[in-house]
Amino acid sequence: MSRLRFIIPLVVFALLVAVLGIGIRQSPDKNIIPSPLIGKPAPAFSLPNLIEPGQRVSTAQLRGHWYLFNIWGTWCVECRVEQPMLLKIKQSGVIPLVGLDWRDDPNDALSYLKQEGDPYETIAVDQDGSEAIMWGAYGAPETFLVNPQGIVVYKYIGPITEEAWQREILPRLPLASTPAAGSSS
Amino acid sequence: MIPELGQFALILALLLAALQAFFGIVGPALKRDRWMAAVTPAVTGQFVMVATSMGCLVTSFINNDFSVRYVAENSNSALPLFYRVAALWGAHSGSLILWIFLLACWSIAAAVGTSRLPRAFASRVIGVLGVISFGFLLYTLATSNPFLRLDPPWPDGESLNPILQDPGLAGHPPILYTGYVGLAVAFAFAGAAMLEGRLDRDWARWTRPWTTAAWAFLSCGIALGSWWAYYTLGWGGFWFWDPVENASFMPWLMATALIHSLAVTEKRGLFKSWTLLLAVLAFSLSLVGTFLVRSGVLVSVHSFAASPSRGEFILTFLVLMIGSALALYAWRAPLLKSEAGFELTARESFLLFNNILLVTACATVFAGTIAPLISGALHLGKLSVGPPYFNPTFLLSILPLLALLSVGIHASWKRGNLGNRARILMLTLIAAAVLGCAVVFGLFTGGRVLSPIGIGLGIWIILSSLIDPIDRLRRHISIPRAVLGMTIAHIGLGIFVISITSVEAFTAEQDVALARGSTAQLGAYEFRFEGVSPIEGPNYSGVGGTVVVTHDGAPVAVMHPEKRKYWVQQTVTTHADIRMYRVSNVLVALGQDLGDGRWSLRLQVRPLVSFIWLAAFIMATGGMLAISDRRYRLARAPSPASAAVPPAVVTRGEAG
Amino acid sequence: MRIRAGRLLLAALCASLLLGVSAAYAIAPTRMPTPQLEARYLDLIHGFRCMQCQDESLADSPVDLAADMRREIRDLLLAGKTDQQIRDFMVSRYGYFILFKPPFVLGTAWLWLAPGVILLVGTVVAVGVIRKRAAIAATDPRDDDLTDA
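Calculation rules
- Residues numbered from 1 in each chain as written.
- Chains lettered and ligands numbered in written order.
- Predicted model: local features only at pLDDT ≥ 70, side-chain atom pairs only at ≥ 80, totals over all residues.
- Pairing = 2+ DSSP bridges.
- Helix = DSSP H or I, 4+ residues; strand = E, 2+ residues; numbered from the N terminus.
- Axes fitted to C-alpha atoms, helices over the stretch in contact; angles between N-to-C directions.
- Buried ≥ 20, exposed ≤ 12 C-beta atoms within 10 Å, placed from the backbone.
- Contact = placed C-beta atoms within 7 Å.
- Nonpolar A, V, L, I, M, F, W, Y, C, P; charged D, E, K, R; others polar.

### As for the sheet that holds strand S10 (residues 598-607) of chain B
Residues and elements named next belong to chain B. Pairing within the open sheet is antiparallel, and its four strands lie in the order S1-S10-S9-S8. Each end of this open sheet is capped by a strand with a single partner; those strands are strand S1 (508-514) and strand S8 (577-581). For this sheet, the mean inter-axis angle between neighbouring strands, taken without regard to orientation, is 20°. Sheet topology places S8 next to strand S9 (residues 584-595); five bridges connect them, and they run antiparallel. Paired with isoleucine 578 across the strands is leucine 587, a residue of S9.

### As for the pairing of strand S4 (residues 540-551) of chain B
All names here are of chain B. As defined by bridge partners, strand S3 (residues 525-536) adjoins S4 across ten bridges and the pair is classed as antiparallel. If you follow glutamate 526 over to S4, its bridge partner there is threonine 550. Counted along the chain from S3 to the antiparallel partner S4, the turn is three residues long. Bridge analysis of S4 against strand S6 (residues 562-566) gives five bridges, and the strand direction is antiparallel. Looking across to S6, one finds that glycine 544 is bridged to glutamate 562. Sheet topology places S4 next to strand S5 (residues 554-559); five bridges connect them, and they run antiparallel.

### What to know about the pairing of S10(B)
Residue and element names in this part refer to chain B. Taken across its ten residues, S10 has eight buried, putting it largely inside the fold. When S1 meets S10, the two strands line up antiparallel, connected through seven bridges. For aspartate 511, the partnering residue across the bridge sits in S10 and is arginine 602. Strand direction decides the pairing type here: S9 and S10, joined by nine bridges, are antiparallel. Pairing of alanine 589 across the sheet is with arginine 602, part of S10. The loop that links S9 with its antiparallel partner S10 comprises two residues; one of these, aspartate 596, has a positive phi angle of about 60°.

### Quick look at the interface of chain A and chain C
Listed by partner, the interface residues are 17 residues for chain A and 18 residues for chain C. Top element by residues in the side of chain A that touches chain C is helix H5 (residues 130-134) of chain A. It accounts for three residues. Here the residues of the side of chain A that touches chain C sort into ten nonpolar, five polar and two charged.

The structure is reproduced here in structure tokens:
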């Protein structure tokens, strides 16, 4: 053993290099925090409806079908980037988009949607940001895939791209996914 | 023209470094005297080329040459001249040039310093330094060339991050890097010893001054960085256990252990392979630190803009450099044996624990720093490690160290009989404990359990360090510089411990909302807010507040916190105003306009905080004083005759 | 040169995510009804990492998200929740990453145990070395006159 112990530093160093090497591979994702909500029920909420003031949007209403919960805001640069893709998703009719308008003045949000188009089935208003915290959001846009039982299946951070849609979201939907009730609007 | 010259000089430096490495290592191996003689011209040439290259880059900055991309990205014509020069090391590529330049400086110094040592050994030392230079030059030219041109040149630059436009910017990186890079010399000495297959007490004596010098610079560099963070960024915070801070702290811990281990090797010829390993690891940690900061693997606001390819290159460099050093160690170290003995209470024993505790502390910081990486690599989830981890675990190692110090400096070599010192030590311990408690509970109320321990330990260290010099003065014996240096350094440490404990225990801080004319109270301090007015600077504008501070009615200062908006980047930065009053620092920072003339303000009183950095400087001074001791200048090359005849009195049991 | 993007610049970058919205600043005078609540509040917000400016605590981060989270914590405190409940609330939404203090669970136990274990191993090694050397010293008759340092 006494001669072998001099190899220990080299062995420890080799292990360290392995860890650092893996670290480099993973470094582009180092700021992406995996969501602890995956596999858990979506936070229950009942919030004002942006389009139909006086009405409310609640999780109870959304039960029974798949939906994409998309957190956005007019101040968010990346949200504009994903706007065309969201409109495309709406066109396809595969799954409805439920929007959470994060920290916006409702009038700003309405004029934004008028200008850019409205890809959402319904939009909930979260003016003070407390709902977004419930979902563990830390930057817009963030999108959650929720199943008919109300369980969060997947979280996507950043603007949704065609690739993300094809690779991450579509495969997670059941094959015979029917357009959700009331998706055309 | 000038940037081309700079790049060309860099390429020449690369070639010269290669020659330096080749002649330095292969020359002694093949016993070619002419080759060994070529090392000095090679290293001199490399230094000249690197200096030229650096000079060209500086000139480009001074001349606002925005055809050079690095200048355009980091400077601006409105930037004051001082910051245009300092902007050179403001980002990755330029900071590498600084690194390489300092390495060349140390190499030249080492060439001069080893000129009277055995030729083969000295060549190897410079040769190893050449390998390191070569690696960094290659990396710079291949991935981070600061002389790249922009076509067409930008009309003006992006300017320097406003936070970096500060005198601290000028001082912190060069001094810190001098320390970082200086550890390469100890590494080179270790490398030379391993290549030679021999390590003796002379080797330890030769290595000590270089290590201590690098350590002193590192101490100052870290302290400067902490001080700068304090008054620029941290709302009064000065240490965050940030990965980049840790990257500079770990080599410091290792270097401290190395200094003490070298003492044992020099004195008794013990701990040879251990000292060798420490010398390799200290610089290795410098390199790993460089990697961590630039590769982007860690979340840190301090890290350079990174890319995976940069990280991969440095990692390869690390593997080659450190891997071959450790492989060499595994091969050669078993040969190093010593036959000397020492008792449980001897100084060697205390220094052994000193090393164990320092290395444990270093390993602890290391574990916390790379834990997020390990957790990610093993898919254990995303982890975050902050001060609540580092503080208690670090103290676990450091408290015993501080306690042992006061006794250890009085233990004699080999036979550990404290003799008549024991009584005095007991008295100083009691005095320190009493003082510690008195300070904490008498002057202030509150303070945590560790506070009297911390202050007591600090006082004990100071008192204990003074025993020997006072005793010598009384008996009219001279105090060698090495002893004086050690005393000063330890006293500095004591001051450091007292200051940090005081800051942690007695800081008072509060965020308040004040209207013009209202006051807020913080302990005995009263802060009266006098409103804000517009301000203007060379490349910024903003608002400045006026706050009148009094203590128990006596005037303290009129403070002017500012909020600046820099024109180019359009970012708003907050400049707290910090003044010293008696031994405390008072900090006022301007927050936000709350409307109706009310503003939010941060008020903070931190006792003894400035002494933290003063203490670090004192430690460094002690180190430099110790180096100047005469015995390090006696680097007589042993003649073949004297090597064959073992010295009469000591070291009969030396092998190897 | 250690710093390229200082804390405040990063904060500005973070703030740029919130285009046009003036960032709430980190200096936030709070009005908790009792000193105990105030102390707990300060403790809590210093223990959570800001998720946007990840190098800062909730206490120091100037972005809106941090202000929102501070408000949530304040509300939870006023509602009578314990510190642990509040931590659990945050962790259940953001994961362990939001805590500056790594938890003591299976995946992180090694981190918390490492310092103690290393210290223990080091002490054992030191004791072994000392015993060996003391044995040598016991058989060594000379008392060398060695000057110190």
